[in-house]
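Here is how the chains run, residue by residue.
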Amino acid sequence: MSVNRVAHVGLHVTDLEAAVNHYANVLGLVVSDRREGEVYLRTPEDQDHHVLMLKASDSAGLDHVGLKVNRPEDVEEIEKLVERTGTRAVRVAENEEAGQGEGIRFIVPSGQTFEVVYHVDKLGYLSGMENPDPVPDESAFGRALLSRLDHLLISTADAEENSKFFREVLDFGTSETLRDPSGKLLASWMYCTNTMHDVAMSPGPNGGLHHVAFWVDSRADLVRAVNLLKKNGVRTFDYAMTRHGVSGATTIYFHDPAGNRNEIFHGPYFTPGAPNRVQEVAWDMENFPRGVFYYEREMDMKFFEDLT
Ligand code: M3P
Ligand code: FE
């Protein structure tokens, strides 16, 4: 059994067209499908039908996270493992979410809804599947060139219990941890691919979304993206472009028009091999401000609390 990636994130947004403008016209994702109250978007380097689903709602926040598995039978296997923990898994019919085969949904211990599917329709890379041209065409000019969905950070009241679920039910490995002085786990960075995190969890109330992160191919692309965010008047930034001690990546955080936090991210280390074959990097509270904001070396705990 193996989850092979975070396939997509579903977000609630309060103004659907404002959100589409942000993700498509500013960040450079591409609308791939629409349904009443829902817009589906993909990134240039994902073959799948969507990596982001925007859903019109009264408030911002996470609708669900979609995980993809390697084999059809993995869906049933995960269903059994989920139900063994005392959590109900609900079947999702084919095409209930556009572009997808049948799957299951369940609520993880930290309260967010996760979905597991095998089949997602393939649309191919944006550059085409026959004799592609890797250089973006003129329509990409003026948009941040986000190549793909990278990871998300969710909040959890009990990181120990939640990371156990991700390890034992979903087969994720852990790359980095934050512990309090008594040794209690407060946050963990977990992966199912060969990058250092696909899903991370930080302290806070259950059910929250801290951010969704997209990958750019270089630090120069990140600087270019920040220029375009500023030019387009993107509302709020937590800090300027900085670097994480955790992962080592270069980063900037900002918010979509509904208030969901986004991150643009480049340059983490990789975790090749099977999950749980990489030793964990440990952070303590004293050094953690440098772990989050390597340049500023300070972090207000409010940064954890600003969730949707
Ligand atoms: C990242 C990352 C927090 C740490 C965030 C780290 C909020 O977003 O991508 O490594 O503590
Ligand atoms: Fe992040």
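These figures come from a predicted structure and were not determined experimentally.

Caption draft 1: Layout of unusual backbone geometry. Even without being a glycine, Asn-131 presents a positive backbone phi close to 50°. Mapped onto the elements, Asn-131 comes out in the loop between strand 8 (113-117) and strand 9 (148-156). Owing to a relative accessible area of 76%, Asn-131 belongs among the exposed residues under this scheme. One non-glycine residue with positive phi stands out, namely Arg-297, at about 60°. As for its placement among the helices and strands, Arg-297 is situated in the loop between helix 5 (288-292) and helix 6 (302-305). Classification of Arg-297 by relative accessible area gives partly exposed; the value is 45%.

Caption draft 2: Just the site of ligand 1, in detail. Around ligand 1 sit 16 residues in total, of which His-151, His-197, His-211, Tyr-253 and Phe-304 are the nearest. His-211 is positioned such that a nitrogen or oxygen atom in its side chain is 3.0 Å from an oxygen atom of ligand 1. A distance of 3.3 Å separates an oxygen atom of ligand 1 from a polar side-chain atom of Glu-263. The protein chains hide 99% of the 320 Å² of surface that ligand 1 would expose on its own. Looking at the shell around ligand 1, the elements with two or more residues in it are strand 9, strand 13 (209-215), strand 16 (261-266), helix 5 and helix 6. A per-class count over the shell around ligand 1 returns nine nonpolar, six polar and one charged.

Caption draft 3: Geometry of the nonpolar core. Ranked by internal contacts, the top residues of the largest apolar core, which has 58 residues, are Leu-54, Ile-78, Phe-106, Phe-166, Leu-170 and Ile-264. Within the second largest apolar cluster, 16 residues are counted, among which are Leu-153, Ala-187, Phe-303 and Phe-304.

Caption draft 4: Quick peek at the environment of Val-246. Mapping Val-246 onto the fold places it in the loop between strand 14 (242-243) and strand 15 (250-255). Given the relative accessible area of 5%, Val-246 is considered buried. Separated by 163 residues in sequence, Val-246 and Glu-83 have C-alpha atoms that sit 33 Å apart. Excluding its chain neighbours within four sequence positions, the residues that come into contact with Val-246 are Glu-176, Trp-189, Met-196, Trp-283, Phe-288 and Gly-291.

Rules and cut-offs
- Residues numbered from 1 in each chain as written.
- Chains lettered and ligands numbered in written order.
- Predicted model: local features only at pLDDT ≥ 70, side-chain atom pairs only at ≥ 80, totals over all residues.
- Heavy atoms only, no water.
- Helix = DSSP H or I, 4+ residues; strand = E, 2+ residues; numbered from the N terminus.
- Buried < 20%, exposed > 50% of the residue type's maximum accessible area, 1.4 Å probe, protein only.
- Near = heavy atom within 4 Å.
- Polar contact = N/O pair within 3.5 Å; in protein donor to acceptor, adjacent residues only side chain to side chain.
- Areas by Shrake-Rupley, 256 points an atom, 1.4 Å probe, with all protein chains shown as cover.
- Nonpolar A, V, L, I, M, F, W, Y, C, P; charged D, E, K, R; others polar.
- Core = buried A, V, L, I, M, F, W, Y, C linked by side-chain atoms within 4.5 Å.
- Contact = heavy atoms within 4.5 Å.

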